[in-house]
Every structure is written in C-alpha cells, then in structure tokens.
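Per-entry structural report
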Amino acid sequence: VQLQASGGGSVQAGGSLTLSCAASGRTFSRQTIAWFRQAPGKEREFVAAEFRSYGRTYYADSVKGRFTISRDNAKNTVYLIMNSLRPEDTAVYYCATDPSIILSSVRMSQAYEYWGQGTQVTVSS
C-alpha cells in the first residue's frame, strides 16, 4: 500500500489545519491507521490512531481535545483535523498503517510497516 500525505502548511497559533492521507494499492478500511510527527532534533512521536475500523481512537495527551482522527473509507483516505494549534505542534507529520497492528502497539512507530512521505506543519506564535 502507498500512502500520500498532504495538507500541511504554516499557520499562526490558535489556527487549524486538516491533514489528509490517501492510500492506494490496497484498501485500508479494516486496518489501523495512525499519525505520527517528528520535530527537528526529536524522535518521532505518536499523535493519533484509529484501531482497525472499530471506531476506537487513541490520542497523545498533548493533542487530546484539539486533534481528531477520522477516515473516509469510500475515498480510502484518513484525516487529521487539527485545531487550536500551538508552536510545539510544529513538525513533519506522517501517516502510517499496517494490517497486523495489535491494540497494545498502536502508539509504537516501529510496529507500522507502511508510511507516507510526511507533510510539514509550522505553527508560529
């Protein structure tokens, strides 16, 4: 499966962005999908995930209440809706999926085999 992330950009603190991740080559309607991010000089960190297609969503504490992950299976696309953005949200955002993720691994980047190319989000104060 190939993932194509888009929607990044530059916004001021308090603004909003919606990232998209379109999948091709294989439907991922039943697969866990996730977003991770990596800021300069930092390790890649978990942002949000939806476990398979059960509607069970998980968020990093730092984004809970501000970010929402959702998918459109008809379009084979997953979204990350980001509100109330902060300068510390600045990072390259990656989408990821894997058909074999177990629940205990949804927050672990090393558990995902398929990754998008990343999209830059910059939040200025």
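The present account deals with the structure reproduced in this document. (Residues numbered from 1 in each chain as written. Predicted model: local features only at pLDDT ≥ 70, side-chain atom pairs only at ≥ 80, totals over all residues. Heavy atoms only, no water.)

The subject of this paragraph is the overall build of the protein chain. Each helix and strand in the protein chain was counted, giving 0 helices and 11 strands. Secondary structure elements of the protein chain occur, N-terminal to C-terminal, as β-β-β-β-β-β-β-β-β-β-β. Compactness check: the protein chain gives a C-alpha radius of gyration of 13 Å against a globular reference of 14 Å for 125 residues, within 12% of the reference. For the protein chain, with 125 residues in total, the buried portion stands at 44%. Counted over contacts in the protein chain with a minimum sequence separation of 6, partners at least 24 positions apart contribute 58%. (Helix = DSSP H or I, 4+ residues; strand = E, 2+ residues; numbered from the N terminus. Rg over C-alpha atoms; globule rule 2.2 N^0.38 Å. Buried < 20%, exposed > 50% of the residue type's maximum accessible area, 1.4 Å probe, protein only. Contact = heavy atoms within 4.5 Å.)

With that settled, consider the state of the cysteines. This model, assessed by the stated rule, comprises 1 disulfide. Two residues share a disulfide in this structure: cysteine 21 and cysteine 95, whose sulfurs sit 2.0 Å from each other. Taking the sign of the S-S torsion, about 70° here, the bridge from cysteine 21 to cysteine 95 comes out right-handed. Of the two residues, cysteine 21 is situated in strand E3 (residues 17-24) and cysteine 95 in strand E9 (residues 91-98); the sequence distance between them amounts to 74 residues. Comparing cysteine 21 with cysteine 95, the two get one shared label, buried. (Disulfide = S-S within 2.5 Å.)

Moving on: the environment of alanine 91. Within the secondary structure, alanine 91 sits in strand E9. Of the residues examined, alanine 91 reaches a relative accessible area of 1% and is grouped as buried. A C-alpha to C-alpha distance of 4.2 Å links alanine 91 and alanine 39, two positions 52 residues apart in sequence. Among all residues touching alanine 91, those that are not within four sequence positions of it are Arg37, Gln38, Ala39, Thr119, Gln120 and Val121.

This part covers the nonpolar core. Grouped together as the largest cluster of nonpolar side chains are 38 residues, with contacts concentrated most on Trp35, Leu80, Met82 and Tyr93. Among the elements that take part in this core, strand E5 (residues 45-51) stands out by supplying 5 residues, more than any other. What tyrosine 93 contacts, discounting residues up to four positions off in sequence, is Leu19, Trp35, Phe36, Arg37, Val47, Phe67, Leu80, Met82, Gly118, Thr119 and Val121. (Core = buried A, V, L, I, M, F, W, Y, C linked by side-chain atoms within 4.5 Å.)

Our next topic: the environment of alanine 13. Within the element layout of this structure, alanine 13 appears in the loop between strand E2 (9-12) and E3. In this structure alanine 13 comes out as partly exposed when scored by relative accessible area, which is 42%. Residues alanine 13 and serine 125, 112 residues apart in the sequence, show an inter-C-alpha distance of 5.3 Å.

Once that is clear, we can look at the pairing of E9. In terms of burial, E9 is a largely internal element, 7 of the 8 residues being buried. Pairing analysis gives 7 bridges linking strand E4 (residues 32-38) to E9, with the strands arranged antiparallel. Its bridge partner being in E9, phenylalanine 36 is matched across the sheet by tyrosine 94. Of the strand pairs in this sheet, E9 and strand E11 (residues 119-124) are connected by 3 bridges, and their pairing is antiparallel. Bridged to tyrosine 93 within E11 is threonine 119. Sheet analysis places E9 next to strand E10 (residues 114-115), joined by 2 bridges and oriented antiparallel. Following the sheet pairing, alanine 96 is matched in E10 by tryptophan 115. (Pairing = 2+ DSSP bridges.)

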